[in-house]
Amino acid sequence: MDKINVLVVEDTVSESDALIASLEANNFNVVGLATNFKDAISLYNSTNPDVLIVDIFLNGLPEGINVAEAISVNPDSAKPFVFLTSSSDRQIFERAKLTRPFSYLLKPFNELELFYAIEMALEKFYEQKDVFLSDDEDTVITDDYLFIKKGKALKKVLVKDIIYIEVEDKYCNIITEKEKFVINISLVKISKLLNPDQFFRTHRRFIVNVSKVEEIILSDNLILLSGGHKADLSDNYREIIKRVKTL
Amino acid sequence: MSAKFLFPLLFLVCFFFSGFSQHKPCTKKEFIESLCNSDKLHKAHLLLSNNSLEESFKLIENLKLDSEAKQDKNFESLILFLEGELHRRNNSFKKSVETYKLSLSKNTINNDLAFYAYIALGDIYISGIRDFDKVIPYYKKAELLLDKESCPEKQTLLYNALGNINLLSKNYDEAEKYYIKGLELYLNNNKTTQAAINYSNLGNLYFEQYKDAKAEEYFLKAINAFQKKDSTNINVRQQINYNLFAVNEAKGYYKTAIKYLETSNTLKDSIWNRDKVWEIADLSKKLAVEKKNQELQVLEAENKVKSAQRNGILVSALVLLALLGVSIYYYREKVKTNKIISTQNETLDTLNATKDKLFSIVSHDLRSSVNALKSSNRTLVNNLETKNIEKLDELLNTNSSIVNGAYNLLDNLLNWAMLQTKQTYFHIEEHRLYMLVEHVVFNYQGLFAEKEIKFENSVSKKDKILADQESLKIIIRNLIDNAIKFTENNDVISVYSKVEDENYIQLIIEDSGLGMSDNTRLELLKETSLLSKKENEDVIGTGLGIQLCKSMIRKNNGKFSIESQLGKGTKMIVSLPKAGDNG
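Calculation notes
Residues numbered from 1 in each chain as written. Chains lettered and ligands numbered in written order. Predicted model: local features only at pLDDT ≥ 70, side-chain atom pairs only at ≥ 80, totals over all residues. Heavy atoms only, no water. Helix = DSSP H or I, 4+ residues; strand = E, 2+ residues; numbered from the N terminus. Buried < 20%, exposed > 50% of the residue type's maximum accessible area, 1.4 Å probe, protein only. Contact = heavy atoms within 4.5 Å. Areas by Shrake-Rupley, 256 points an atom, 1.4 Å probe, with all protein chains shown as cover. Lys, Arg positive; Asp, Glu negative; His and termini not counted. Charge placed at Lys NZ, Arg CZ, Asp CG, Glu CD. Buried area = accessible area lost by both parts, 1.4 Å probe. Salt bridge = Lys/Arg side-chain N within 4 Å of Asp/Glu carboxyl O. Polar contact = N/O pair within 3.5 Å; in protein donor to acceptor, adjacent residues only side chain to side chain. Axes fitted to C-alpha atoms, helices over the stretch in contact; angles between N-to-C directions. Parallel < 35°, antiparallel > 145°, perpendicular 65-115°, else oblique. Left-handed = near helix turned anticlockwise from the far one by under 90°. Patch = residues over 30% accessible without salt bridge, like charges linked within 9 Å, V, L, I, M, F, W, Y side chains within 5 Å. Pairing = 2+ DSSP bridges. Expected span 1.5 Å × (residues − 1). Domains from an automatic or database assignment. Core = buried A, V, L, I, M, F, W, Y, C linked by side-chain atoms within 4.5 Å. Nonpolar A, V, L, I, M, F, W, Y, C, P; charged D, E, K, R; others polar. Phe/Tyr/Trp six-rings, centres within 6.5 Å; stacked < 30°, edge-to-face > 60°.

Further remarks concern the overall build of chain A. When helices and strands are tallied, chain A shows seven helices and 17 strands. When the 247 residues of chain A are sorted by exposure, 53% land in the buried category. When contacts within chain A are restricted to residue pairs at least 6 apart in sequence, those whose partners lie at least 24 apart make up 51%. For chain A, the exposed area adds up to about 11,300 Å²; of that, 47% sits on carbon and sulfur atoms. If you average the places of the 30 positive and of the 39 negative side-chain charges in chain A, the two averages end up 4 Å apart.

For the rest of this paragraph, the subject is the overall build of chain B. Regarding its fold elements, chain B presents 21 helices and seven strands. Within chain B, contacts between residues at least 6 apart in sequence are counted, and of these 65% link residues at least 24 apart. As displayed, chain B offers around 32,900 Å² of accessible surface, 54% of which is attributable to carbon and sulfur atoms.

Moving on: the interface of chain B and chain A. If you look at the interface, chain B gives 33 residues, while chain A gives 31 residues. Roughly 3,000 Å² is buried in total at the junction of chain B and chain A, and carbon and sulfur atoms are behind 53% of that figure. Looking only at chain B, the three residues that lose the most surface to chain A are Tyr-425, Arg-432 and His-439 of chain B, adding up to 23% of its buried area. Run the count over chain B and chain A and you get four salt bridges. Note that Lys-124 of chain A is salt-bridged to Glu-429 of chain B, the shortest N-O span being 3.8 Å. Here chain B and chain A share six residue pairs in polar contact (both at pLDDT 80 or more) between them. Looking at the side of chain B that touches chain A, the elements that each hand over two or more residues are helix H10 (172–188), helix H11 (192–208), helix H12 (212–225), strand E1 (428–432), helix H17 (433–442) and helix H19 (469–485) of chain B.

This paragraph deals with the side chain of Ser-376 of chain B. Residues and elements named next belong to chain B. Relative to the helices and strands, Ser-376 is located in helix H15 (residues 308–385). On the accessibility criterion, Ser-376 (8% relative accessible area) is buried. Those residues in contact with Ser-376, other than ones at most four positions away along the chain, are Leu-395 and Asn-399.

All names here are of chain B. In the contact formed by H10 and H11, the axes pass within 9 Å of each other and the chain directions differ by 165 degrees. One way to sum up the angle between H10 and H11 is to call them roughly antiparallel. Regarding H10 and H11, the two cross each other, and that crossing is left-handed. Contact residues: Tyr-172, Ala-175, Glu-176, Tyr-179, Ile-180, Gly-182, Leu-183, Tyr-186 and Leu-187 in H10; Gln-194, Ala-195, Asn-198, Tyr-199, Asn-201, Leu-202, Leu-205, Tyr-206 and Glu-208 in H11.

Turning next to a nonpolar patch on the surface. Nonpolar side chains collect at one region of the surface, where Val-315, Val-319, Leu-320 and Leu-323 of chain B lie side by side and expose about 350 Å² of accessible area between them. Within the secondary structure, Leu-323 of chain B sits in helix H15.

Residue and element names in this part refer to chain B. According to the stated counting rule, one finds 27 salt bridges over all chains in the structure shown. The partner of Glu-174 in a salt bridge is Lys-140, and the shortest N-O contact between them spans 4.0 Å. Taken together, the positions of Glu-174 in helix H10 and Lys-140 in helix H8 (residues 135–144) put the pair 34 residues apart, joining distant regions of the chain. Among the residues examined, Lys-140 registers a relative accessible area of 32% and is labelled partly exposed.

Our next topic: the sheet that holds strand E7 (residues 569–577) of chain B. Residue and element names in this part refer to chain B. What the five strands build is an open sheet, ordered E2-E4-E5-E7-E6; its pairing is mixed. If you trace the sheet from one side to the other, it starts and ends with strand E2 (454–458) and strand E6 (559–565), each paired once. Strand-to-strand twist of the sheet, defined as the mean angle between neighbouring strand axes without regard to direction, takes the value 15 degrees. In terms of strand pairing, strand E5 (residues 504–511) meets E7 through eight bridges, oriented antiparallel. By the bridge assignment, Ile-508 is partnered in E7 with Ile-573. Where H19 meets the sheet, it contacts strand E4 (492–499), E5, E6 and E7, and its direction lies at approximately 170 degrees from that of E7. Strands E6 and E7 of the sheet are contacted by helix H21 (residues 544–555), whose axis makes an angle of about 140 degrees with E6.

This next bit is on the environment of Met-572 of chain B. Residues and elements named next belong to chain B. Take Met-572: it is sitting in strand E7. The buried category is assigned to Met-572, whose relative accessible area is 5%. Those residues in contact with Met-572 that lie beyond four places of it in its chain are Leu-479, Asn-482, Leu-507, Ile-508, Ile-509, Met-516, Ile-546, Phe-560, Ser-561 and Ile-562.

This part takes up helix H13 (residues 234–251) of chain B. For H13 of chain B, spanning 18 residues, the distance from its first C-alpha to its last is 26 Å, which sits close to the expected 26 Å at 1.5 Å a residue. Looking one or two residues past H13 of chain B, Gly-252 of chain B carries a phi angle of roughly 90 degrees, positive in sign.

Residue and element names in this part refer to chain A. Here we have five strands laid out as an open sheet, ordered E12-E11-E10-E14-E13, and antiparallel in their pairing. The open sheet has two edge strands, strand E12 (180–184) and strand E13 (199–203), and neither has a second partner. Across the sheet, the axes of successive neighbouring strands diverge by a mean angle of 25 degrees, strand direction being ignored.

Domain annotation for chain B reports domain 1 (340–424) and domain 2 (425–577). The gap between the C-alpha centroids of domain 1 of chain B and domain 2 of chain B is 22 Å.

So, about the nonpolar core. Judged by nonpolar contacts, the single largest core of 57 residues is most densely connected at Phe-83 of chain A together with Leu-202 and Ile-240 of chain B. Broken down by element, this core gets its largest block of residues, eight residues, from H11 of chain B. Not counting residues within four places of it along the chain, the set of residues in contact with Leu-202 of chain B comprises Glu-176, Tyr-179, Ile-180, Leu-183 and Tyr-218 of chain B. Core analysis: the next-biggest nonpolar cluster, separate from the first, contains 47 residues, Leu-48, Ala-142, Tyr-159 and Tyr-178 of chain B among them.

Residues and elements named next belong to chain B. Side chains of E6 alternate between two faces, with Phe-560, Ile-562 and Ser-564 buried and Lys-559, Ser-561, Glu-563 and Gln-565 left unburied. Alignment of E6 against E7, held across seven bridges, turns out to be antiparallel. Bridge pairing links Phe-560 to Val-574 in E7. What sits between the antiparallel neighbours E6 and E7 is a turn of three residues, in which Gly-567 has the positive phi angle 90 degrees.

All names here are of chain B. Across the interface, H13 lies against helix H14 (residues 254–304) with an axial gap of 8 Å and an inter-helix angle of 160 degrees. Relative to H14, the element H13 is oriented roughly antiparallel. Here H13 and H14 pass one another in a crossing that is left-handed. Of H14, the residues touching H13 (which contributes Ile-234, Asn-235, Arg-237, Gln-238, Asn-241, Tyr-242, Leu-244, Phe-245, Asn-248 and Glu-249) are Tyr-254, Thr-256, Ala-257, Tyr-260, Leu-261, Thr-263, Ser-264, Leu-267, Lys-268, Ser-270, Ile-271 and Arg-274. Classifying every residue of the contact of H13 with H14 by side-chain character gives 10 nonpolar, eight polar and four charged.

All names here are of chain A. Per the stated rule, a full pass over the model turns up 20 aromatic pairs over all chains. Between the aromatic rings of Phe-81 and Phe-83, the centroid separation amounts to 5.1 Å while the plane-to-plane angle is 65 degrees, which identifies the pairing as edge-to-face. Across this residue pair, the class does not change: Phe-81 and Phe-83 are buried.

This part is about the side chain of Asn-204 of chain B. All names here are of chain B. When you line up the elements, Asn-204 lands in helix H11. What makes Asn-204 buried here is its relative accessible area of 2%. Within the local environment of Asn-204, its side chain forms a polar contact with the side chain of Asn-243, the two groups lying 3.4 Å apart.

So, on to the domain arrangement of chain A. Each assigned domain of chain A is listed with its residue range as follows: domain 1 (2–125) and domain 2 (160–246). With centres defined by C-alpha atoms, the gap from domain 1 of chain A to domain 2 of chain A works out at 37 Å.

Let us now look at unusual backbone geometry. Here the residue pair Lys-107 of chain A and Pro-108 of chain A is connected by a cis peptide bond, since its omega of -5 degrees sits within 30 degrees of zero. Checked against the element boundaries, Pro-108 of chain A lands in the loop between strand E6 (104–106) and helix H5 (111–125). In the Ramachandran plot, Asp-130 of chain A falls in the positive-phi region, its phi being about 60 degrees despite a non-glycine side chain. Tracing the backbone through its elements, the reader meets Asp-130 of chain A in the loop between H5 and strand E7 (139–141). The partly exposed category is assigned to Asp-130 of chain A, whose relative accessible area is 26%. The phi dihedral of Tyr-210 of chain B falls on the positive side, at around 65 degrees, and the residue is not glycine. The topology assignment puts Tyr-210 of chain B in the loop between H11 and H12.

Following this line, the structure appears as structure tokens:
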């Protein structure tokens, strides 16, 4: 699992120091610190952050809102962000609110509030409500990554690295080239959110990444996967065969 | 419906000039100016820009003869371009199209000139000949001439033009694509006014497609994008407000619609007023000149009949009249400003009353705590001099608890002031009660350990309530502060939730501390009392915290009650509206 990349846009040194220290202490990867609009845009383009933390007031002007507007204007390259502010000025907030999705953090804040705001930003942005806060689930699924809550912090896994998923009750075992781990998510939800052209049900308990299939042995009802992994194939889920043949 | 929305499309023509910072000539005007390499050309371009069509026509005809003599191809295409512009301004559209095409056919034509020629051709077909089908091919040709190095002015001019024509031809997806391209450029260059116009264009686009909610969102974005709201963008703001009215009317939100129509009309009135002021100034100038002329004539005539004295009287009468007029005008202005000042005074008075009340309450407590700090510091210094190290630790702890108390007081004071002046952002949303309690309690871990208080948060993780996040945190913070204040070492504070009925969830903060008498309890629950009597003199408190809690709970549509027994402990109960069905 990889660390989450965070881009911080904050012009007060003492505050950005504390914020970065607290993020890094909890295994977030701070990819950059911008102190004005221009740096924020160029760092955003060059660093590929997963989430941004943006102070609304930069050098006395509400330029943070312009940053948010600029990064969310194109839906293909937009990223979730958290607004940071020490003012609860109503008009500023009303303007910021138009730049949706909206997650904010009022200074002074503690670590719990910081992580909560980041989690809320991810949930709202990817439109998967009530994931990190409920006891039943801990994973937000996007086209490129799984965002997983581990303890206090968040981690991510590249979707295309997944070889297969094995379901056990309420848990899913995720198997990648490098590691194996458990996430809490229901089978219904995970099969709805994963790309149906890439992931196929092959069995009551198995979901397989079609690009990792090496061979299908029909006589044994077995699928051989890269890295020496195996998955069962049952009669009810045979759609994958058509797909593998056409490859 | 579409007729209402035609006018915003005209914005781009007037706005694209106001600039991006670039060194190269970029706008059409700058660019042509840079090509004009002779005085005559400069003059022709200047006359054209000022709409002196006849004079520039003569000059251009003259230059044409010159250029044919000179055999300079560059010169020729530029002259043809200017001639095309001339015909266009003269409304001879067909002739203009011919001339532009002729200019484009010269193979020496410069890329930038060709770009603006294609744009002009497209524009003529939109607004002159009104044949929309022919427009897009010209714009597309212009687009081919763009590359990544092209100035943002040119790109945005073209994208907006393409957006407009696609909107007119009802190719909504295309139009949206180009508007977003333009918008992206403006936002990346921090051009908020132009971005506002693009937001508004997008709004029109969605409205045309009956996506009313999206249209409204973009109109709101447009109106919020202005960094300054002044007379330079008043026309735009009036039209956006009118569009917001139309959207809300279409959605059936008539109250909101009327609000926007009123704003639009007010802005219209101020535009009218502004124009009227100019007109009146003009008229009065003319009038003054006429009057002066008349006077002169009368004077001459009367001089002939030797009645100079009469003239003197007439002139002075006129002056007096003018003075009277001026003084009446100023008197009226003064009455107007007086009215404004008196209403401002009233609001200031009420604000001051609130502030005075607070000031008197808080200053006493603030002074006593700072005073305590002062004397404690003096003891500290004394102990330091006598090297009484054991005492230092205890004194520092006292100091820090005094400072904590004073900080909480100041924090509440600020929150109270913000609540009274309605400056805070207040937005009721769904929240998990457990998380909010955890967030607040995180800051108290140290204090609990120090006072050896056993704390327990057993709020159900499933309980969701409707409240404003920050104000609810302030409420919880104050109630926990209170609980800590009135407990002693080894006491227990527990926070838990209870379903009251199908609409409310109770958040209960219970302590096993000192408790209070029934009189104090009723006093605390009273609407007006700000200052409550202190039972324990060593405990700093004003009742401001509880009062703030009550106001904020009321604002969150909640209820508040207290159960307490002297010596056994207190329960503070906050009932909050339940969220959703699964709460």
